[in-house]
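A closer look at the structure
Below are the chains, spelled out letter by letter.
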Amino acid sequence: MNKKYLFLVSAPHSGSTALYKILHTSPAISTCISSSNPSHVGEGSALFHLRRDTLIEGWADNRYSPEFKLPMQKAHDAYKKLWDPSKPILCDKFTEAVHAPSYEHYFSQLGKVFFVLLTRDPYCYRHGVQDWYFHNKTIAELHNSLKNCLLLSYEDLVSDTRSARNRLLSFLPALQTLDVAVGKIKNLKGGSTTDPLHGPLENLNTPRNVESKNRDLDRAPHIVEVMKYLNYFPKGD
């Protein structure tokens, strides 16, 4: 029971790939990043193998459904092919946040389970605010229900990567050390910063989009409260 399992759960385009690469630099961790091709990061590598091997019937249509029962034993078998069992921390990332409770239940029987939850400011989200709401509603619920979880934001990674690193090391000291210089954090214009310690987010929202986002976010004050985001743009009349 000394093994630790760390899962990075994120809405799409919220910095999970950069953070996953940073986590990969810990000498204590085994991720699903290939040592022969470290630049390639699969989205939920074990789940990818299951999809590839067609072991999950109905996955394509139900991957974000809480009613869909993920076969965790098959997922674990896939992880065994990807993880280095000599490492004390085994790690993966995925965007299907609804399945995090299944991960917690299954892997808690094998060791201690940790989750890092990633979100991104809805006013700077690549997709529409309804898509943001769909993913972050689940992440907000997980923040209140998972036993061991840390909530980070895309903005944390961009504007203060060292503090984000320190929070991770405080959350899971067994990581020992992390090299934050390996990640490339994309900005809103589609470019990326060569140094993740710089590159502040810019607001590219139009007034029309802001008014629409304000209306949608007014319907979800509990999510906004959990994520610490406020409607800081003027609302329409």
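Bear in mind that the values here come from a model prediction, so they are computed numbers and not experimental data.

What follows concerns the nonpolar core. Counting 60 residues, the largest nonpolar core has Leu-6, Phe-7, Leu-19, Leu-23, Phe-107, Phe-115 and Leu-175 as the members making the most contacts within it. Once residues lying within four places of it in the same chain are set aside, the contact partners of Leu-175 are Leu-6, Leu-23, Ser-26, Pro-27, Ala-28, Ile-29, Ile-89, Leu-168 and Leu-169.

Tracing the chain through its elements places Asp-84 in the loop between helix H4 (72–80) and strand S3 (89–94). Linking Asp-84 and Ile-29, residues 55 residues apart in sequence, is a C-alpha distance of 8.5 Å. In contact with Asp-84, not counting residues within four places along its chain, are Ser-30 and Leu-90. A distance of 2.7 Å separates polar atoms of two side chains, one belonging to Asp-84 and the other to Ser-86.

Look at H4 against helix H5 (residues 100–107): their axes get within 10 Å of each other, and the N-to-C directions meet at 75 degrees. It follows that H4 is roughly perpendicular to H5 by the angle criterion. Contact residues: Met-72, Gln-73, His-76 and Tyr-79 in H4; Ser-102, Tyr-103, Tyr-106 and Phe-107 in H5. Residue composition of the contact of H4 with H5, grouped by class: five nonpolar, three polar and no charged.

With that out of the way, let us pick up the packing of aromatic side chains. Here a ring pair, both rings aromatic, is described through the centre-centre distance and the interplanar angle of the planes. Under the criterion given, the structure shown has 17 aromatic pairs. With a centroid separation of 5.9 Å and an interplanar angle of 50 degrees, the aromatic rings of Tyr-5 and Trp-83 are classed as tilted. Placement of the pair is Tyr-5 in strand S1 (residues 4–10) and Trp-83 in the loop between H4 and S3, with a sequence separation of 78 residues. Overall, Tyr-5 belongs to the buried group, its relative accessible area being 5%. Overall, Trp-83 belongs to the buried group, its relative accessible area being 8%. Ring plane angle 80 degrees and centroid distance 5.1 Å describe the contact between Tyr-106 and Phe-107, whose orientation is recorded as edge-to-face. Under the relative-accessibility criterion, Phe-107 is labelled buried at 0%. Counting every residue linked through ring pairs, the aromatic cluster contains Tyr-5, Phe-7, Tyr-79, Trp-83, Phe-94, Tyr-103, Tyr-106, Phe-107 and Phe-115. Directly above the ring of Tyr-154 sits Arg-120, whose terminal nitrogen or CZ lies 3.8 Å from the centroid.

Right, let's talk about the side chain of Thr-31 for a bit. Mapped onto the fold, Thr-31 is located in the loop between strand S2 (29–30) and helix H2 (45–52). When residues no more than four places from it in sequence are discounted, the contact partners of Thr-31 are Tyr-20, His-24, Leu-82, Trp-83 and Cys-91.

Another aspect to go through is the pattern of salt bridges. Applying the stated criterion to the full structure yields three salt bridges. Note that Asp-77 and Lys-80 form a salt bridge whose closest N and O atoms lie 3.9 Å from each other. Taken together, the positions of Asp-77 and Lys-80, both in helix H4 and three residues apart, correspond to about one turn of that helix. According to the relative accessible area criterion, Asp-77 is partly exposed, its value standing at 35%.

Time to look at the sheet that holds S1. With respect to topology, five strands assemble into an open sheet ordered S2-S3-S1-S4-S5, the strand pairing being parallel. Unpaired on one side and paired on the other, S2 and strand S5 (149–153) mark the two borders of the sheet. Of the pairings in the sheet, the one linking strand S4 (residues 112–119) to S5 comprises five bridges and is parallel in character. Note that in S5 the partner of Leu-118 across the bridge is Leu-152. Packed on one face of the sheet, helix H6 (residues 129–145) meets S1, S4 and S5 and runs near 145 degrees to S4. On the sheet, helix H8 (residues 161–171) packs against S1, S4 and S5 and is oriented at approximately 175 degrees with respect to S5.

This next bit is on the state of the cysteines. Linking two cysteines covalently via their sulfur atoms produces the bond known as a disulfide. Taken as a whole, this structure holds zero disulfides when the rule is applied. Cys-32 forms no disulfide, and the closest cysteine sulfur to it belongs to Cys-91, at a distance of 7.7 Å.

The rules behind these values
Per chain, residue numbering runs from 1 following the sequence as it is written. Residue-level local features of this predicted model are given only where pLDDT is at least 70; pairs of side-chain atoms are given and counted only at 80 or more, and the full residue set underlies all totals for whole chains, interfaces and linings. Hydrogens and water are ignored here; the side-chain numbers use all heavy atoms of the structure. Nine residue types can take part in a nonpolar core, namely buried Ala, Val, Leu, Ile, Met, Phe, Trp, Tyr and Cys, and a core is a set of them joined through side-chain atoms within 4.5 Å. Only protein chains enter the area calculation, which uses a 1.4 Å probe; residues under 20% of their type maximum are buried, those over 50% are exposed, and those in between are partly exposed. Contact definition: two residues touch when any of their heavy atoms are within 4.5 Å. In this description a helix means any DSSP run of H or I spanning at least four residues, a strand means any run of E spanning at least two, and both kinds are numbered starting from the N terminus. We call two N or O atoms a polar contact when they sit within 3.5 Å, provided that within protein one can donate a hydrogen and the other can accept it, with sequence-adjacent residues counted only if both atoms are side-chain atoms. Helix axes use the C-alpha atoms of the stretch in contact, all axes being lines fitted to C-alpha atoms, and the angles between their N-to-C directions lie in the range 0 to 180 degrees. What sets the label is the angle itself: under 35 degrees gives roughly parallel, over 145 gives roughly antiparallel, 65 to 115 gives roughly perpendicular, and the rest give oblique. In this count, Pro and Cys sit with the nonpolar residues alongside Ala, Val, Leu, Ile, Met, Phe, Trp and Tyr, while Asp, Glu, Lys and Arg are called charged and the others, Gly among them, polar. The aromatic pairing rule takes the rings of Phe, Tyr and Trp, using the six-membered ring of Trp, and pairs them if the centres are within 6.5 Å, calling planes under 30 degrees apart stacked, those over 60 edge-to-face and the rest tilted. As a reminder, the over-ring test applies to NZ of lysine and CZ of arginine, requiring each to be within 6 Å of the ring centre and within 35 degrees of the ring normal. Think of a salt bridge as a Lys or Arg side-chain nitrogen and an Asp or Glu carboxyl oxygen that are within 4 Å of each other. Two strands are counted as paired when DSSP detects at least two bridges linking them. Here, two cysteine sulfur atoms that lie within 2.5 Å of each other are counted as a disulfide.

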